[in-house]
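Now for the letters of each chain:
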Amino acid sequence: MNSSTRRIRHVATRNPIHRVNPSVLVRLIRAQEDAFENRFPTAGDLLETVFDNLKLALPIPDDLREVPPTRLADRPFDDLVRAYEPILHSAGVVGSSASGHAANLAQRTHLVRAFANPDAVMADVRDKVVEIVNTFPQKASDIERGRNPGDVLDPYILTATQTLLYAGNFRNAIRATVAHKSLMIIEGLMGHLHEDVVGEMRGNVRAPEPRGFNQELIDPHDNPFPGADIVQPPLHAEGRLRFHQVKSKTGSAKGGDGRRLGEQLRRLREYYRADVYYDALIGNTLRGHRSMRGVIAAEPHAVVLVGSAAFRELTRSSIGPQLLLRVYQNAFSEAARATGYRIDTMAGRIVSAFRARADDAGETFLDSLLATSIGLTPDEQDSRSYQPPSRNRRNPPPEEG
């Protein structure tokens with residue numbers, strides 16, 4: 001059956017979900033086919049795939065051939081390692097070799113549980129992380145000024161860091177500054193990674209980014225899911241389409257954003273006759289949730305979830321957080337090996353640059369940084385004379401008279 005005749009199962013024929021653009025439609029159909037419950041009828045089927053992935057010829061225990069696959073795949077990592085050890089022992093693998101193979105098998109089981117193509121997902125995440133790591137501070141100018149020209153290094157905060165945290169050690173203060181800049185970059189990375197990686201998990205589709213002049217308007221072909229990060233087609237006849245707006249943590253969205261997000265979810269629910277969710281992955285209580293009230297005020301049918309409850313709905317697994325952690329552990333380790341980034345090395349390089357500059361000017365480190373952070377031509381610092389570069393000569397300010 002070709003893609004033009006395949007349809008999303010368990011959804012009414014007249015539902016507009018069938019009119020989304022072909023590339024999204026194919027992904028929704030594939031998500032149904034690759035869902036864990038559909039792909040692996042038994043634990044034995046799962047083991048065959050795991051063993052084949054690792055090119056291991058191991059016996060499949062009789063007691064696992066017909067049991068549900070979740071009985072194996074949804075075990076915590078340590079339990080899964082212990083479950084594999086007797087299988088390895090029966091094949092003559094013992095000692096440290098058995099322990100190493102058992103850990104690899106457990107890790108691969110979780111990855112196969114999570115993804116239809118684990119290696120492709122891992123490679124994609126690693127490449128994205130490497131790209132971000134390459135933007136971490138490496139030289140003095142990287143911490144002196146951010147992407148915004150007005151975002152300059154604050155010498156007063158730096159001297160507070162040096163004095164209050166590091167007993168006057170300037171190198172350690174610079175190291176903390178490099179770490180702070182890097183952590184802000186990592187925080188931005190994680191939000192997008194969560195959406196992308198969870199969107200690749202079995203049964204899920206990462207929603208395309210909004211497009212068009214009015215990005216709030218639903219257009220099945222060009223802008224099918226404004227307000228959703230992840231779409232889940234139903235896996236059985238009693239199921240419904242599900243749309244998720246995903247945040248890293250309960251504080252990721254400002255309180256004022258809640259009503260707008262709720263209105264987007266309401267439109268999706270009504271248009272596609274779907275269930276809608278507002279998920280925060282990190283957090284253990286809805287208490288203090290910044291935007292929940294606004295979301296529910298605009299869309300009373302929205303389900304607001306946090307922490308493990310959010311992971312259960314997004315991954316359809318009791319170990320969803322561990323599945324995501326397994327991906328990140330592997331991807332971050334590979335990215336670290338590929339980039340070789342070390343804060344101590346970069347901090348030393350930056351301190352050397354500051355020292356050379358201060359020596360040339362006959363100043364202390366902090367005096368030199370202070371001059372750099374506040375000094376420029378007066379015309380650039382006074383609104384009475386300042387003109388943004390884009391307006392120079394083309395749009396002079398009107399004369400007052």
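Summarised in this report is the structure supplied together with it. Just so it is clear, the structure is predicted and the values come from calculations on it, not from any experiment.

### Some details on the overall build of the chain
Then step 1. Tallying secondary structure elements over the chain gives 17 helices and five strands in all.
Then step 2. Along the first, second and third principal axes, the C-alpha set of the chain runs to 80 × 65 × 40 Å.
Then step 3. Counting the 401 residues in the chain, one finds 42% classified as buried.
Then step 4. Across the chain, the fraction of contacts at a sequence separation of at least 24, relative to all contacts at a separation of at least 6, is 68%.
Then step 5. Surface exposure of the chain reaches about 21,700 Å², of which carbon and sulfur atoms provide 50%.
Then step 6. For the chain, the separation between the mean place of its 52 positive charges and that of its 49 negative charges on side chains is 3 Å.

### What to know about the environment of I230
Then step 1. When you line up the elements, I230 lands in strand β2 (residues 230-232).
Then step 2. Accessibility expressed as a relative area gives 0% for I230, which makes it buried.
Then step 3. When neighbours within four sequence positions are excluded, I230 is seen to be in contact with E195, V198, G199, N204, V205, A207, R242, F243, H244, V246 and L314.

### Examining the pattern of salt bridges
Then step 1. Per the stated rule, a full pass over the model turns up 24 salt bridges.
Then step 2. Ionic pairing is found between K139 and D142, a salt bridge with its closest N-O pair at 3.4 Å.
Then step 3. Overall, K139 belongs to the partly exposed group, its relative accessible area being 47%.
Then step 4. Between R260 and E216 there is a salt bridge whose closest N-O contact spans 4.0 Å. Placement of the pair is R260 in helix α12 (residues 258-272) and E216 in the loop between β1 (205-206) and β2, with a sequence separation of 44 residues.
Then step 5. Taking relative accessible area as the criterion, R260 reaches 37% and is therefore assigned partly exposed.
Then step 6. For E216, a relative accessible area of 31% gives the class partly exposed.

### Section: the pairing of strand β3 (residues 242-249)
Then step 1. Buried residues dominate β3, accounting for six of its eight residues.
Then step 2. Two strands pair when backbone bridges link them, and β2 and β3 are joined in this way by three bridges, in the antiparallel orientation. By the bridge assignment, Q232 is partnered in β3 with R242.
Then step 3. Here β3 pairs with strand β4 (residues 275-282) via seven bridges, running parallel. In the strand pairing of β4, F243 is matched with V276.

### Here's the deal with helix α8 (residues 118-133)
Then step 1. Look at α8: 22 Å from first C-alpha to last across 16 residues, which is about the 22 Å you get at 1.5 Å a residue.
Then step 2. Along α8, the positions that sit buried rather than exposed are P118, V121, M122, V125, V129, V130 and V133. Buried residues in α8, looked at end-on, bunch into an arc of 165°, giving them a common side.

### Points about the nonpolar core
Then step 1. Of all hydrophobic cores here, the largest spans 46 residues; its most connected members are F115, V125, I174, L193, V197, V327 and F354.
Then step 2. Every element with two or more residues in this core is listed here: α7 (95-114), α8, α9 (140-144), α11 (170-200), β4, α14 (308-315), α15 (320-339) and α16 (343-361).
Then step 3. If you tally residues by element for this core, the top one is α11, at nine residues.
Then step 4. Listed in part, the 27 residues of the second largest apolar core include V20, I29, V231 and L268.

### With respect to α15
Then step 1. The first and last C-alpha atoms of α15 sit 29 Å apart over 20 residues, in line with the 28 Å expected at 1.5 Å per residue.
Then step 2. Three or more residues of α15 are buried, namely G320, L323, L324, R326, V327, Y328, N330, A331 and A335.
Then step 3. G340, located one to two residues past α15, shows a positive phi value of around 65°.

### Side note on the packing of α11 against α15
Then step 1. Between α11 and α15, the least distance of the axes is 11 Å, while the angle of their chain directions is 120°. Between α11 and α15, the angle is such that the two are oblique. Taken as a pair, α11 and α15 cross one another with a handedness that is right-handed. On α15, the residues touching M190, L193, H194, V197 and V198 of α11 are L324, V327, Y328 and F332.
Then step 2. Here the residues of the contact of α11 with α15 are counted per class, giving eight nonpolar, one polar and no charged.

Cut-offs applied
- Residues numbered from 1 in each chain as written.
- Predicted model: local features only at pLDDT ≥ 70, side-chain atom pairs only at ≥ 80, totals over all residues.
- Heavy atoms only, no water.
- Helix = DSSP H or I, 4+ residues; strand = E, 2+ residues; numbered from the N terminus.
- Buried < 20%, exposed > 50% of the residue type's maximum accessible area, 1.4 Å probe, protein only.
- Contact = heavy atoms within 4.5 Å.
- Areas by Shrake-Rupley, 256 points an atom, 1.4 Å probe, with all protein chains shown as cover.
- Lys, Arg positive; Asp, Glu negative; His and termini not counted.
- Charge placed at Lys NZ, Arg CZ, Asp CG, Glu CD.
- Salt bridge = Lys/Arg side-chain N within 4 Å of Asp/Glu carboxyl O.
- Pairing = 2+ DSSP bridges.
- Expected span 1.5 Å × (residues − 1).
- Arc of directions from axis to C-beta.
- Core = buried A, V, L, I, M, F, W, Y, C linked by side-chain atoms within 4.5 Å.
- Axes fitted to C-alpha atoms, helices over the stretch in contact; angles between N-to-C directions.
- Parallel < 35°, antiparallel > 145°, perpendicular 65-115°, else oblique.
- Left-handed = near helix turned anticlockwise from the far one by under 90°.
- Nonpolar A, V, L, I, M, F, W, Y, C, P; charged D, E, K, R; others polar.

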